[in-house]
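What the coordinates show
The chain contents come next:
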Amino acid sequence: MANTEKPSLRITRTYAAPPQKVFDAWITPEALKRWFAPSDEFQTPEVEVDARVGGRYRIVMRAPDGEMHRVGGIYREFAPPGKLVFTWAWESTPERESLVTVEFKASGSGTELVLIHEHFADVAARDHHEQGWTGCLGRLMQQLVV
């Protein structure tokens, strides 16, 4: 019997900020514009967030070469300041929808963030997203220090 399980990834980071502040950085358009991109060479000119169960989000990132990358989805779970679950699909490949779960747990005076991104179409997509999330989460760390 073939393995039909779709690839997934899990990333854990610890931030020196309380869970509510880290959670808010995920649902506030102006905050997302400052950190939600895989590297400092990218810009995030457009962010739309309807932060509630059933609400939609849309994020537009501009690559250094000018190419626009658009991603969006629907919030499936919205439990501040502990958990966000949302669908994830690039506008260029809407049929490749995946699922992101972000948990925010108090850890001392900071927050442990656990990101699980699952249901990738293939290993290459997972690996590409792991690089992107690693960059995003590093940029989030810089924003929370400021």
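The following refers to the structure shown. Each chain carries its own residue numbering, running from 1 in the direction its sequence is written. Whole-chain, interface and lining totals are the exception, using all residues; otherwise, since this is a predicted model, local features are given only for residues with pLDDT of at least 70 and side-chain atom pairs are given and counted only at 80 or more. Side-chain calculation: all heavy atoms of the structure are included, whereas hydrogens and water are not.

**Some details on the packing of aromatic side chains**
Side-chain rings of Phe, Tyr and Trp, where Trp is taken by its six-membered ring, are said to pair if the distance between their centres is within 6.5 Å; with planes under 30 degrees apart they count as stacked, over 60 as edge-to-face, and otherwise as tilted. Overall, the coordinates contain 16 aromatic pairs when judged by the stated rule. An angle of 75° between the planes, with centres 6.3 Å apart, marks the rings of Trp26 and Phe104 as edge-to-face. Taken together, the positions of Trp26 in helix 1 (residues 19–27) and Phe104 in strand 6 (residues 98–107) put the pair 78 residues apart, joining distant regions of the chain. Considered together, Trp26 and Phe104 belong to a single accessibility category, that of buried residues. Taking 5.6 Å as the distance between ring centres and 50° as the angle between the ring planes, the aromatic pair formed by Tyr57 and Tyr75 counts as tilted. Of this pair, Tyr57 sits in strand 3 (residues 56–62) while Tyr75 is found in strand 4 (residues 68–79), placing the two residues 18 residues apart along the sequence. In this text, helices come from DSSP runs of H or I with a minimum length of four residues, and strands from runs of E with a minimum of two, each type numbered from the N-terminal end. Note on exposure labels: buried denotes an accessible area under 20% of the residue type's maximum, exposed denotes more than 50%, and partly exposed covers the range between, all computed with a 1.4 Å probe on protein chains only.

**Here we look at the pattern of salt bridges**
Salt bridge criterion: a side-chain nitrogen from Lys or Arg within 4 Å of a carboxyl oxygen from Asp or Glu. By the definition in use, this model includes ten salt bridges. Residues Glu46 and Arg58 are paired through a salt bridge, measuring 3.4 Å at the closest nitrogen-oxygen approach. One end of the pair, Glu46, is in strand 2 (residues 43–49); the other, Arg58, is in strand 3, and twelve residues separate them in sequence. Looking at Glu46, the relative accessible area reads 36%, which means it is partly exposed. Notably, a salt bridge pairs Glu77 with Lys83, separated by 3.8 Å at the nearest N-O pair. The exposure class assigned to Lys83 is partly exposed, which follows from its relative accessible area of 24%. Through salt bridges with shared partners, a single ionic network connects Glu46, Arg58 and Glu91.

That's the geometry; what it means functionally is another story.
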